[in-house]
Amino acid sequence: MLILRSAALFVLAALFEIGGAWLVWQGVREHRGWLWAAGGVLALGAYGFVATFQPDAHFGRVLAAYGGIFVAGSILWGVVADGYRPDRWDITGALICLTGMAVIMWAPRNG
């Protein structure tokens, strides 16, 4: 159950961080206005709180593991939101990152 909770928190964190960054990008780079950017800033702040709910108490481990989710989630976000078409190397790299995330976060440890 802890792995499921942890995975759900990683997905929620990715939605806030990637979504927030995308909103800022849209507001500034795509000239959609400062309300978009402000929404992004709020989402990015929420991301910081979501990470604190991870069951593992080690900040460095949680953030390092989250990196794998961020990479894969960013590619997926690009597919859904911007019509990006990842190639096989994008997908391979994302799968490697997700494997690393799983090892960092959920490998059996003594103590």
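Counting of residues starts from 1 at the beginning of each chain's written sequence and follows it residue by residue. The model is predicted, so local features are restricted to residues of pLDDT at least 70 and side-chain atom pairs to those at 80 or more, both for listing and for counting; the totals for chains, interfaces and linings are taken over all residues. No hydrogens and no water enter the side-chain calculation; it runs on all heavy atoms of the structure.

The protein chain has the name YnfA family protein in an unreviewed UniProt entry, where Streptomyces composti is given as its organism. UniProt positions are given in the numbering used here, feature names are shortened, and annotations may be inferred rather than shown by experiment. Heading Sequence similarities (unreviewed entry) of the UniProt record for the protein chain holds this comment: "Belongs to the UPF0060 family." Quoted verbatim from the Subcellular location (unreviewed entry) heading of the UniProt record, the comment on the protein chain is "Cell membrane".

*Asks:* Where do I start with the UniProt feature "transmembrane region" (unreviewed entry) in the protein chain in this structure?
*Replies:* UniProt's feature table lists "transmembrane region" (unreviewed entry) at residues 33-50, 62-79 and 91-108, given in the numbering used throughout. Here a strand is any run of E in DSSP of at least two residues, a helix any run of H or I of at least four, and the numbering for each starts at the N terminus. Between the end C-alpha atoms of residues 62-79 there is a gap of 26 Å, over a span that is 100% helix and 0% strand. Across residues 91-108, helical content stands at 89% and strand content at 0%; the span's end C-alpha atoms are separated by 27 Å.

*Asks:* What should I look at first to understand the pattern of salt bridges in this one?
*Replies:* Close approach of charged atoms lets side chains of opposite charge pair. For salt bridges, the criterion is a side-chain nitrogen of Lys or Arg within 4 Å of an Asp or Glu carboxyl oxygen. This structure, assessed with the given rule, holds one salt bridge. With a shortest N-O distance of 2.9 Å, Arg61 and Asp56 are connected by a salt bridge. Accessibility expressed as a relative area gives 23% for Arg61, which makes it partly exposed. The rule is simple: take the accessible area with a 1.4 Å probe, protein chains only, and divide by the maximum for that residue type; under 20% is buried, over 50% is exposed, in between is partly exposed.

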